[in-house]
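Now for the letters of each chain:
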Amino acid sequence: MKIKLYLFITILFITSITSSVMAAPVLELWEVFPDDAHFWEEAAEKWNENYGDQFTIELRFVPQAELRRELSTALMTGTDPDLVTIDNPHFASFADIGAFADLTEKVEEWGEADQYFEGSWNSVIYDGKIHGVPVDSNTIALFYNKDHFREAGLDPDSPPTTWNELREYGEKLTVPEKNRRGFTFCADRSEEGTFQFLPFIQQGGGSIDNINTPGAIAALQLWTDFVDNGWASSEVISVGQQESFSMFAEENASMAINGPWVLYQLDDVEFEWGLTLMPVNDDLNIQSSALGGFNLGVMKSSEYQDEAWEFIKWLHSEDIMIEMYWDVLGGSRIPPRGDIANLPGKWVENDVMAVFIEQLEFAQPRGPHPKWPEISSIIQIAIHESLTGAKTPEAALNDAAVKLEPYFE
Amino acid sequence: MKFSIKKDQNNFYFKMLVPAVLFFIIFIIYPIYFNIRLSLEDATLRTIMLPQRPFIGLENYLTIIRDPLFKKALINSLIFTTGSVFFQFTIGFSLALFLFKKFPLNKFVRSSIILGWVLAPIVVGTVWSWLLNSDYGLFNYLLKSLNIITQEIRWLTNPNIALRGVVITNVWFGIPFNMLLLTGGLSSLPQDIYEAAKIDGTNTFQKFIYITLPLMRQTIGATLMLGVIYTFRVFDLIWVMTRGGPVNATTTLPIWSYQLSFDFFNLGEGAAVANILFMIMLVIALIYIKFFAGKEE
C-alpha cells in the first residue's frame, strides 16, 4: 500500500517537473487597479486563451499604497516581476535607479508613440529614454449638483468658470440647516492632496520650482477661505478623494473636484448633476488640471523583455484597446491614446467623458522627479499649515519654496 | 531511535536549546544588526540594488537630529505614550478592581470589555475617526446635546487637538489589556492577608493602599512597562487616523520612520529613527529590570 503511494507521488513529481520545463514562459505582472475594474483579469485571460502557447501572463494584485514598498523590497532581493503598473508620478524614481528596461528602440520601431496623450507619454520618459507606456490617462474636473443650483437660485447650466465665481457659488450653495456645504475637495496628507492642489498652483502661474507666485498664494487663500467660512468641510484635510467625493454623492456638498474613478458613486443618486472644466484664476486665465493615471513598465531584470513588449503591443493595439477600455471598463476610463479616446461614437459622445477628455488637454504631469514623494510631502504640509490656520497662505508657500529649492538645483 | 537520557543528558538539553537560539538569532538579533548597519549606510532607492552600499558613519543620525521634525516627533511620542499609558492604566486598574468583585453579569461585562482589544488597530482607527469626525461624528453630537460644547471640536483636523484625538482612541484600545493583566495580578493575591486586615478593622481605602498596591508591585511594574513599550511603537492606529497630520501634529517617531523609509525611500534615515526608538525602549527596559523585575523578597 505504502509503496504504491510513494510510486504515485514520485510519478506526480516527475510529471510536474517535466511539464513545467516544457510549458511556455510565465510573465508576472503586478497591477494596482482596484479589483472592481476587472481590467487586468480580463486582459490576462484573453491573452492566455489566445496566445498562451507563446507565454502566459500571471497577475498579482498589489494595493496601490503598498506597491512602492513591495517593489523596492523585490528589487533588493531580486524577486521583482516582469511587468509592473505604477502611479505616474512615482514612475520616475524607479526609472532613475535603472529598474526599468529601456524600450526606446522598440517603441521607435513600433511608431505609435505620437498617438498617446502628450502629458501621459511624457511621464514614461526619463533621461531621454522611454521606460514604459501609459495604461490610462485621467484628470480632474468640477462636478456640480444641478438641483442644489436651482434651490440656490443659480443657473444649473452655467457652472462657475473662475475662482471668484467658485467662491461666490460656494457661499450661496452652503446651507448649514441642511448640513450642506458649497464645495468639497481633497487636501489629504497624501499624494491625492497634492494631485488636487497642484492644478490651482499652476492656474495661479506657479509651479513646483516656483511655488510662491502671487497667483499660487491666491490659490491657497481660496482653499483656506472655503474651509474658514465653512463653505467646505474642515475634514477635507484628512479624507482621500473617494471619501471627499462621498460628501457630494450624499448631498452634503454641492460642488466637488474629482476624477472619473468616482463616477460609480453617482450610479444611484437621485439628483441631477453636471461636470465642467476646472475654474480658472480671474486675472490670469490659465487652464490647468492634474494628470493622473498609471504607467506600465518592463523590469530590467526580466528575462522576457521581448515577450513583455509583445504583450504591451497587443494590449495597446486599436482593437484590443477599444475592447478593453470601452467594452470591459464600460468607457469609465479614458484610454491613453488620443486617437482612440477621440474615436467617433465612443468617449467623446458621452457628455461626462467628453469633459474629461477636453480637460485632459490641459493636464500637467507631476514631475517627473526622482524625489517626487518628498516634493509632494512639502506641498501637503503647506496646504495643511494654511488650511488649519497654523500659517498664512503666503507664509506657508514661502516656507515651502525654501524647502523645495534644494530639489531643483 | 533509541538513546539513553542519562548518558546524553547535557547534550540533549543543548540540542533542545537549538531551535530557540536559532529563532532568536534569525528573527531578533539579525534584524537588529541589519537595521543598525542600514542606518550607517547611504541607503536610498538609488543604492538599494548595489551589493555594497556606501558606508557613511553617523551621517544619517546627524541629518535626523538636525531636522526640526525630530524634536517635534520625539515630543509627540512622549506625550502620546505618557498620556495613553496614564489613562489606560488608571481606568484599566479601576475596572479590574471593580470587576474583581462578584456580581451578576460580571463575566459578561468583562468579556465585553475585552472584545475591544481583539479588534485590529486598522478597524479601531477607522471607526474612531468616524466617531471623532467634526461633521457627523458621534462625539461632537453627544457633547453638543449635553450642552458641554457649542461649537464643533475638530478632533482630528485641528493641529492643537489632533494628538488628544489619537490619545483618546489609543486609551480606549489599551484599557482591556491593562485590565486583563491587573485582574490576573489581583486574583493571585493571598486572601488571608485581607481577612487579617478585616479583623484589624481596616477600611477599603487602607486595604488598597497598604495591601493591594504593595503586593501588586510586580504586576503594576510589568503592566506599565509593557504599556510603555506597546504605546511607544504604535504606528497603524495613528497612520489610519491622521497619517501624522494635520501638518505634523500627530507625527510620532514610528510614523516619521515609516515615512522616511517607505514614502521617501531614505532607508538609512528611516533606520536611524527606528534605532533611536530602539535605544529609548532599551533604556526603559533596563530601568524596569533594575527597579521592578526579580526583586521579590
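Within any chain, residue numbers begin from 1 and follow the written order of that chain's sequence. Both sets of labels track the order of writing: A upward for chains, 1 upward for ligands. Reporting of local features is limited, given that this is a predicted model, to residues whose pLDDT is at least 70; pairs of side-chain atoms are given and counted only at 80 or more, and all residues count toward the totals for whole chains, interfaces and linings.

**Q** Sorry if this is basic, but what is going on with the overall build of chain A here?
**A** Put simply, DSSP H or I for four residues or longer makes a helix, DSSP E for two residues or longer makes a strand, and each gets a number counted from the N terminus. In terms of regular secondary structure, chain A is built from 17 helices and 13 strands. Relative to the 2.2 N^0.38 estimate, which gives 22 Å for 409 residues, the radius of gyration of chain A is 24 Å and therefore close to what a compact globule would have. Look at the contacts in chain A between residues 6 or more apart in sequence, and 74% of them connect residues 24 or more apart. Just to be clear, the radius of gyration here is over C-alpha atoms, and the globule rule we use is 2.2 Å times residues to the power 0.38. Remark: residues whose backbone-derived C-beta atoms lie within 7 Å of one another are considered to be in contact.

**Q** Would you explain the overall build of chain B in this entry?
**A** If you tally the helices and strands in chain B, you get 13 helices and 0 strands. For chain B, the sequential pattern of α-helices and β-strands runs α-α-α-α-α-α-α-α-α-α-α-α-α. Computed over its C-alpha atoms, the radius of gyration of chain B comes to 24 Å, more than 25% above the 19 Å expected for a compact globule of 297 residues. We call a residue exposed when 12 or fewer other C-beta atoms sit within 10 Å of its C-beta, buried when the count reaches 20 or more, and partly exposed for counts in between; the C-beta positions come from the backbone. Taking all 297 residues of chain B together, the buried fraction comes to 33%. In chain B, the share of contacts with a sequence separation of at least 24, taken over all contacts with a separation of at least 6, comes to 68%.

**Q** Sorry if this is basic, but what is going on with the nonpolar core here?
**A** Here is a general trend for soluble globular proteins: nonpolar side chains tend to be buried in one another's company. To count as a nonpolar core, a set of buried Ala, Val, Leu, Ile, Met, Phe, Trp, Tyr and Cys residues must be joined through C-beta atoms within 7 Å. If you look at the biggest cluster of nonpolar residues, it comprises 157 residues, and the most contacted ones within it are Ala187(A) and Met255(A). Each domain's extent is set by a domain assignment, obtained either automatically or from a database. When residues of this core are sorted by domain, at least three fall in each of domain 1 (2-134 + 293-364) and domain 2 (141-291 + 367-408) of chain A.

**Q** Is there a simple way to think about the interface of chain B and chain A in this case?
**A** A common measure of how large an interface is: the accessible area buried when the components associate. Chain B puts 22 residues into the contact, and the matching count from chain A is 22 residues. Put simply, Ala, Val, Leu, Ile, Met, Phe, Trp, Tyr, Cys and Pro go in the nonpolar bin, Asp, Glu, Lys and Arg in the charged bin, and everything else, Gly too, in the polar bin. Split into classes, the residues belonging to the side of chain B that touches chain A amount to 10 nonpolar, 7 polar and 5 charged.

**Q** Mind showing me how you'd approach the packing of helix α2 (residues 59-66) of chain B against helix α13 (residues 267-291) of chain B here?
**A** Between two packed helices, the angle of one axis relative to the other and the distance separating the axes together describe the packing. All names here are of chain B. Every angle, taken between N-to-C directions, lies between 0 and 180 degrees, and every axis is a line fitted to C-alpha atoms, over only the stretch in contact when it is a helix. Running from N to C, α2 and α13 cross one another at 75°; their axes reach a closest spacing of 9 Å. Between α2 and α13, the crossing angle belongs to the class labelled roughly perpendicular. Contacts between α2 and α13 pair Asn60, Tyr61, Thr63 and Ile64 from the former with Gly268, Glu269, Ala272 and Val273 from the latter. Per-class residue counts for the contact of α2 with α13 are 4 nonpolar, 3 polar and 1 charged. When describing relative orientation, an angle under 35 degrees is termed roughly parallel and one over 145 degrees roughly antiparallel, while 65 to 115 degrees is termed roughly perpendicular and anything else oblique.

**Q** I'm lost on the pairing of strand β3 (residues 83-87) of chain A in this one. Help?
**A** Two faces make up the sheet, and in a regular strand the side chains alternate between them. Residue and element names in this part refer to chain A. In terms of burial, β3 is a largely internal element, 4 of the 5 residues being buried. DSSP calls a pair of strands paired once it identifies at least 2 bridges connecting them. In this structure, strand β1 (residues 26-31) lies alongside β3, joined through 2 bridges in parallel fashion. Bridge pairing in β3 places tryptophan 30 opposite valine 84. Pairing analysis gives 5 bridges linking β3 to strand β12 (residues 294-298), with the strands arranged antiparallel. If you follow isoleucine 86 over to β12, its bridge partner there is asparagine 295.

**Q** Please clarify how the sheet that holds strand β2 (residues 56-61) of chain A should be interpreted in this entry.
**A** Hydrogen bonding along the main chain pairs the strands of a sheet, whether they run parallel or antiparallel. Residues and elements named next belong to chain A. Judged by pairing direction, the sheet is mixed, and its 5 strands sit side by side in the order β2-β1-β3-β12-β6 without closing on themselves. The open sheet terminates on both sides in strands that have one partner only, identified here as β2 and β6 (132-134). Ignoring strand direction, the axes of neighbouring strands in this sheet form an average angle of 20°. Taken strand by strand, helix α2 (residues 39-51) contacts β1 and β2, and its axis lies near 165° from that of β2. In this fold helix α4 (residues 88-96) packs onto β3, β6 and β12, with an angle of close to 125° to the strand it touches most, β3.

**Q** Could you clarify how one ought to interpret the pairing of strand β9 (residues 253-258) of chain A in this entry?
**A** All names here are of chain A. Counting buried residues along β9, 6 of its 6 residues qualify, which places the element largely inside the surrounding structure. Of the strand pairs in this sheet, strand β7 (residues 141-145) and β9 are connected by 4 bridges, and their pairing is antiparallel. Paired with phenylalanine 143 across the bridge in β9 is alanine 256.

**Q** Before we go on, may I ask you to explain the domain arrangement of chain A in this structure?
**A** Residue and element names in this part refer to chain A. Domain annotation of chain A identifies domain 1 (2-134 + 293-364) and domain 2 (141-291 + 367-408). Distance between the C-alpha centres of domain 1 and domain 2: 32 Å. Tallying the contact residues gives 23 residues for domain 1 and 19 residues for domain 2. If one sorts the elements of the side of domain 1 that touches domain 2 by residue count, α4 sits on top with 7 residues. Here the side of domain 1 that touches domain 2 is composed, by residue class, of 10 nonpolar, 10 polar and 3 charged.

**Q** Honestly, the sheet that holds β7(A) in this entry has me stumped. Any pointers?
**A** Residues and elements named next belong to chain A. The mixed open sheet is built from 4 strands, whose spatial order is β8-β9-β7-β10. Sheet topology places β8 (181-184) and β10 (273-276) at the edges, where each strand pairs with a single neighbour. Strand after strand, the sheet turns through a mean of 15° between neighbouring axes, direction not considered. Pairing between β7 and β10: 4 bridges, direction antiparallel.

**Q** Would you mind showing me how to read helix α12 (residues 253-263) of chain B here?
**A** Residues spaced three or four apart along an α-helix face the same direction, because each turn holds 3.6 residues. Residue and element names in this part refer to chain B. α12 sits mainly inside the fold: 9 of its 11 residues count as buried. Among the residues of α12, those classed as buried are Leu253, Pro254, Ile255, Trp256, Ser257, Tyr258, Gln259, Leu260 and Ser261. Those residues of α12 that are buried are in contact with α3 (68-100), α11 (236-241) and α13. Just beyond α12, the residue with positive phi is phenylalanine 265, at close to 60°.

**Q** I keep staring at helix α7 (residues 162-187) of chain B and nothing clicks. Help me out?
**A** A helix is expected to reach a length of 1.5 Å times the quantity of its residues less one. Taking 1.5 Å per residue, 26 residues should reach 38 Å; α7(B) reaches 38 Å between its end C-alpha atoms and fits that length. What we call the bend at a residue is the angle made by axes fitted to the seven residues finishing there and the seven residues starting there. Considering bend angle alone, the principal kink of α7(B) is centred on Gly174(B) and spans about 35°; proline Pro176(B) follows within four residues of it.

**Q** Mind showing me how you'd approach the packing of helix α10 (residues 214-228) of chain A against helix α17 (residues 393-404) of chain A here?
**A** Residue and element names in this part refer to chain A. The interhelical angle for the contact between α10 and α17, taken along N-to-C directions, is 130°, at an axis separation of 9 Å. On the basis of the axis angle, α10 is oblique to α17. The way α10 lies across α17 gives a crossing that is right-handed. For the pair formed by α10 and α17, the contact residues are Ala216, Ile217, Leu220, Gln221 and Thr224 on the first element and Pro393, Glu394, Ala396 and Leu397 on the second. Helix crossings are classified by the rotation of the near helix relative to the far one: an anticlockwise turn of less than a right angle makes the crossing left-handed, while a clockwise turn makes it right-handed.

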